[in-house]
Amino acid sequence: MSEARTPGPDQPLIYQVRIKGHLDDDWNDWFGGVSITPEADGTTLLTCHVADQAALHGLLRQIRDLGMPLISVNQIEP
Amino acid sequence: MSTQILATKLYTPPSRPGIVLRPRLIDRINAGHQGKLTLVSAPAGFGKTTLVTGWITAGERPAAWLSLDEGDSDPMRFLAYVVAALQTVAPQIGTRIMSLLESPPPPPIESLLTSLLNEIATMPHDLTLVLDDYHVLDSQQIDEILAFLVDNQPPQMHLLITTREDPRLPLARLRARGQLTELRAADLRFTPDEAAEFLNHRMGLTLSPEDVVALEARTEGWIAGLQLAAISIQTSDDTSRFIQSFTGSHHFVLDYLVEEVLNHQPPHIQDFLLKTSILDRICGALCDAVLHDAGHSSQHILEYIRQANLFLIPLDNERQWYRYHHLFGDLLRKRLQQAAHVDVNELHIRASQWYEQHNLRSEGIHHALIAEDFGRAADMIELEWAYTHSTSFQSRGQLVWMQALPESMFRNRPVLSAGYGWVLLDFGEIDAADTHLCNAERWLAPEAQADDVVSERIVADDVAFQHLPATIAAARAYLALAMGDIPSTIKHGQRVLALTSATDHHQRGMASSLLGLAHWSSSDLEAAFQFMTDGMESMYRLGNVPFALSNTFGLADIRLAQGRLLDAIGIYKNALQVAESQPFTVQGVADLFMGLGDLHREQNDLEMAREYLQKSETLGKQAGLPDWRVRFCQAQARMKQVTGDFASALELLNEAERLYYATPVPNPRPIAAARACVWIEQGQIDKALSWAHERGLSFNSEISYLNEFELITLARIHITQYEHNRVQQSVDEVASLLGRLHDAAETNQRMGSVIEISILQARLYWVQGDRDIALTMLQRALQLAEPEGYVRVFVDEGMSMKAMLSEALTRGIRPAYTQKLIAAFQPAHRQPLVSQPLIEPLSERELEILRLVADGLSNQEISQYLFIALNTVKGHNRNIYQKLQVNRRTEAVARARELGLI
């Protein structure tokens, strides 16, 4: 893997968080700017740029507090 | 800062009549009381709190309730609330700890916890401490407190935690030992039967079995979902259509249902729910203030919402304060965010105003900061700081508020800026503190008094502004001392005294103590003594006993340097009397016992010395000042030196050195020099010499009060070496150094040093064979030391001193005293070390407990005497039995006596 492709520990990261159930676009603000994609299998994909790991955990905490079942969290290439 | 306890956080929410009884879960909670911890861990809306309140109502055990919020991440506040919660079921518990929490400086947490657990251990009945919503805390310190509680709680106590995420506790270990009961999402979900009972019986619906199954499947037994569905059905015209579209939708359950529920409410109810969702706690009057809607009474709306089961949780018995279920509140706030026509900031400002009018300034500041109404927040923070500054010390909460303000807010607010300076000082942010003090000072300069400049100035607390010059000067004195700048400390400290009235005990007390330390460091002992006495006096008047007593150590040390041993003992004894008359153990009592022990050692009253040091050690962890251990190790090392146990003395000094940190308190007897003295006694002259070399000490070094002891030690090394090898090397230099030391000490009236220096001069002349001059020197030392009862300062010098004293006795010099000193050379005081003929030797603590057992103390009495939990005593007992290979107390004592261990 070339160095350019390895994000440093504090680089902004892109994550895709999949949760169970459909969410409307209007949840965008609540999560502080994520893009929301409802999928045909009844899940929703939240795609978010987070500053660092702490910000990711903040987002997961918000999901936890709404009782939304979490299915997966993946880091994706920018 | 003392914590204001909100009763609403301690109120157990009543179990509603409409809930589904869940005997299978209640039984598990009851059974769980055999263990230490019950964990109810599941996502939001799974009925955790309802289950636990239902269990409490069923009423098998008294339960103390604490609803946690983010603010409880502060350990002191958390502990205050835990004690307050326990007091709701056991009013006698923890009164001592509460007063300790209110008295700065806060004592070490572990000692408070131990003390609390000991009190619980004496309770006649069991109790359960319920911590609701533990997930809101994100603090390793709180996790550690909880782990300590779980590890050490007496059998009377059980802990129950509800949380949305597993706490960082050693759960695997507790599970393996069968001490953990867990109720998780899978247990809490409604079963199809429970769903049917809930929907048809409790919510009064008449759903077919198929509908119930469909709803149960769609919500997966999630209780919040089922409750919202039931409310929707109650207000819906067409039940089957609702069920069809709900179960056919892929929408996130709650999002779908809250929409449904809100849409079925009248507009003014919808409006109310959205707008009041910004409040953590709600009451009618507060809602009226936030809504500004004369058309409807908030009190009536709250009653309606409560009856409609819209997730309103009462916080008291008077139906005055409520909160929304956190999950429902989140969903309402999300909707409020999207309601473009609502000015949310304006709502927060109204809430802030209401709280301010009702003297709830912290909440007022909270809402003003959210609304980013920084001017409003700044005014309130300034008032709050000025209010607490005159009576107590700063808190972390104030630091957080001030950090939330933009830097620009401080520019033209002199009082707030000085306040920030003070708070930053207390948290060790020296540079930032200086910046803010400079900014505040700008507003006091003559050119800042011009009308056009004054008009820019913003002051919320006029009285605090009048006192600002003194407030800033006090901060400056503190800052200067922290930087080691003695002249500036004195300059600013004097300014505080000149600027404040006699009744401003806080500022004057602090300034006097700082001035005392500064004069002490610069060797002006009498002035230092006077200032510290004043500082102590002011702190007593303020009612702050711990801070008053903290001056004691300086006062006693100064008297000791002046050779006034009896005065020093008197100072400690007076302080001890004050401390013991307090209703709670004062921080620093352990240090008083240590000081007394050390002075009795000097007088060679070794039995008393041991007793005092023992008391100090017992109390140390719980009632010692922060650097207690450092000084205790040094005192204990001197005691070990007396008994000839040099190895232990060195070990203790090494520990002291490891733990040592610099403070503004002068340190005239450095630990390394004390260690060199042990080496001298051991005959390890080379080691002592290389220490002196590394320190760069020479016979020509300039003398100051702070290096005097090091130079005395240098002379002692050379004299001892000379006594050993009789090589006349650098004798003249040593004599000249001692002469200079003697003059300096005499000039500054440090008679304690004069005694020590005269003794060394006597030794030097004695070894040179100049007996007459030697005895003249010795006579000077005896004359100063006799009235004060000094002994060890002579005896510790070794056998040449014994010979000199015999000669003095022959010549009739102070015969009574010299006889007493010669007698002290008896080797009787050198106790042989106990060697333990055991495979696994007993620890210090185990030996200590064994001695108490031999004295006939019960386990309960031992736990109280040593301030440890009863279970801890029992644990030690088991280890003792095992190591001695016996089965009971009487056998253990007999065996220990047999082995010579006690």
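Residues numbered from 1 in each chain as written. Chains lettered and ligands numbered in written order. Predicted model: local features only at pLDDT ≥ 70, side-chain atom pairs only at ≥ 80, totals over all residues. Heavy atoms only, no water.

1. As for the overall build of chain A
Inference 1: Scanning chain A from N- to C-terminus turns up one helix and four strands.
Inference 2: Reading chain A from its N terminus to its C terminus gives the helix and strand order β-β-β-α-β.
Inference 3: Here chain A, with 78 residues, has 38% of them falling under the buried criterion.
Inference 4: When the accessible surface of chain A is totalled, it reaches about 4400 Å², and 52% of it is carbon and sulfur. (Helix = DSSP H or I, 4+ residues; strand = E, 2+ residues; numbered from the N terminus. Buried < 20%, exposed > 50% of the residue type's maximum accessible area, 1.4 Å probe, protein only. Areas by Shrake-Rupley, 256 points an atom, 1.4 Å probe, with all protein chains shown as cover.)

2. Let's talk about the environment of B:Leu262
Residues and elements named next belong to chain B.
Inference 1: Its place among the elements puts Leu262 in helix H13 (residues 253-263).
Inference 2: Residue Leu262 is classed as buried on the basis of its relative accessible area of 6%.
Inference 3: C-alpha of Leu262 to C-alpha of Leu332: the two residues are 70 residues apart in sequence and 9.4 Å apart in space.
Inference 4: If we ignore the near neighbours within four places in the chain, the residues touching Leu262 are Gln270, Leu273, Leu274, Leu332 and Arg335. (Contact = heavy atoms within 4.5 Å.)

3. Details of the confidence of the model for chain B
Inference 1: On average, chain B scores 89 in pLDDT, and the residues at 70 or more come to 96%.
Inference 2: Low pLDDT, under 50, characterises residues 828-834 of chain B; the predicted model gives this stretch 15 contacts beyond four residues in sequence or across chains. (pLDDT = per-residue confidence, 0-100.)

4. Considering the packing of helix H45 (residues 799-810) of chain B against helix H46 (residues 815-823) of chain B
Residue and element names in this part refer to chain B.
Inference 1: Packing of H45 against H46 leaves a shortest axis separation of 9 Å and a crossing angle of 150°. On the basis of the axis angle, H45 is roughly antiparallel to H46. Here the hand of the crossing between H45 and H46 comes out left-handed. From H45, Lys802, Leu805, Ser806, Ala808 and Leu809 reach across to H46, where they touch Pro815, Thr818, Gln819, Leu821 and Ile822.
Inference 2: In the contact of H45 with H46, the residues fall into six nonpolar, three polar and one charged. (Axes fitted to C-alpha atoms, helices over the stretch in contact; angles between N-to-C directions. Parallel < 35°, antiparallel > 145°, perpendicular 65-115°, else oblique. Left-handed = near helix turned anticlockwise from the far one by under 90°. Nonpolar A, V, L, I, M, F, W, Y, C, P; charged D, E, K, R; others polar.)

5. Comments concerning the domain arrangement of chain B
Residues and elements named next belong to chain B.
Inference 1: By the assigned domains, chain B splits into domain 1 (7-188), domain 2 (192-263), domain 3 (267-366), domain 4 (373-466), domain 5 (668-829) and domain 6 (844-898).
Inference 2: Taking the mean C-alpha position of each, domain 3 and domain 4 sit 32 Å from one another.
Inference 3: Between domain 3 and domain 4, roughly 800 Å² of surface is buried when both sides are summed, and carbon and sulfur atoms account for 62% of that area.
Inference 4: At the junction of domain 3 with domain 4, the criterion picks out two salt bridges.
Inference 5: Across the pair Arg361 and Glu384 runs a salt bridge, and its minimum N-O distance is 2.9 Å.
Inference 6: Viewed at the interface, domain 4 and domain 3 are joined by three residue pairs in polar contact (both at pLDDT 80 or more).
Inference 7: Every element with two or more residues in the side of domain 3 that touches domain 4 is listed here: helix H18 (344-357) and helix H19 (361-370). (Domains from an automatic or database assignment. Buried area = accessible area lost by both parts, 1.4 Å probe. Salt bridge = Lys/Arg side-chain N within 4 Å of Asp/Glu carboxyl O. Polar contact = N/O pair within 3.5 Å; in protein donor to acceptor, adjacent residues only side chain to side chain.)

6. A word on helix H1 (residues 53-65) of chain A
Residue pairs three or four apart in sequence face the same way in an α-helix, which turns once every 3.6 residues.
Inference 1: Look at H1(A): 18 Å from first C-alpha to last across 13 residues, which is about the 18 Å you get at 1.5 Å a residue.
Inference 2: Of the positions making up H1(A), those classed as buried are A:Leu56, A:Leu59, A:Ile63, A:Arg64 and A:Asp65.
Inference 3: Looking at the buried residues of H1(A), the elements they touch are strand S1 (13-20) and strand S3 (43-50) of chain A together with helix H17 (326-338) of chain B.
Inference 4: In this structure A:Asp52 caps H1(A), since a side-chain oxygen of it lies 3.2 Å from the backbone nitrogen of A:Ala54.
Inference 5: Within two residues after H1(A), A:Gly67 carries a phi angle of roughly 70°, on the positive side. (Expected span 1.5 Å × (residues − 1).)

7. Observations regarding the state of the cysteines
Residues and elements named next belong to chain B.
Inference 1: Scanning the entire structure with this criterion turns up zero disulfides over all chains.
Inference 2: We note that Cys677 lacks a disulfide partner, and the nearest cysteine sulfur, in Cys633, lies 17 Å from it.
Inference 3: Exposure remark for Cys677: the relative accessible area of 12% places this residue in the buried category. (Disulfide = S-S within 2.5 Å.)

8. Regarding helix H49 (residues 870-884) of chain B
Residue and element names in this part refer to chain B.
Inference 1: If you check H49, its first and last C-alpha atoms are 21 Å apart, about what 15 residues at 1.5 Å a residue would give, namely 21 Å.
Inference 2: If you check which residues of H49 are buried, you get Leu870, Val873, Gly875, His876, Asn877, Ile880, Tyr881, Lys883 and Leu884.
Inference 3: Positive phi appears at Gln885, one or two residues downstream of H49, with a value of about 55°.

9. Considering the interface of chain A and chain B
Inference 1: Each partner contributes residues to the interface: chain A has 16 residues there, and chain B has 20 residues.
Inference 2: Surface buried jointly by chain A and chain B totals about 1700 Å² across both partners, of which 51% is contributed by carbon and sulfur atoms.
Inference 3: Across the chain A-chain B interface, the total number found is five salt bridges.
Inference 4: Ionic pairing is found between A:Arg61 and B:Glu165, a salt bridge with its closest N-O pair at 3.9 Å.

10. Overview of the pattern of salt bridges
Residue and element names in this part refer to chain B.
Inference 1: Under the criterion given, the structure shown has 62 salt bridges over all chains.
Inference 2: Its salt-bridge partner being Asp330, residue Arg333 comes within 2.9 Å of it at the nearest N-O pair. Residue Arg333 and its partner Asp330 are located together in helix H17, separated by three residues, close to a single helical turn.
Inference 3: According to the relative accessible area criterion, Arg333 is partly exposed, its value standing at 31%.
Inference 4: Look at the salt bridges and you will find they share partners, linking Arg669, Arg716, Glu723, Glu756, Arg763 and Glu797 into a network.

11. Digging into the sheet that holds S1(A)
Residues and elements named next belong to chain A.
Inference 1: Within the open sheet, the four strands sit side by side as S2-S3-S1-S4. Their pairing is antiparallel. With partners counted over all chains shown, the strands left at the sheet margins are strand S2 (35-38) and strand S4 (70-76), one partner each. Mean inter-strand twist for the sheet, computed between neighbouring axes without regard to direction, equals 20°.
Inference 2: As paired elements, S2 and S3 share four bridges and run antiparallel to each other. Bridged to Thr37 within S3 is Leu45.
Inference 3: Against the sheet, H1 contacts S1, S3 and S4, and its axis sits at roughly 15° relative to S1. (Pairing = 2+ DSSP bridges.)

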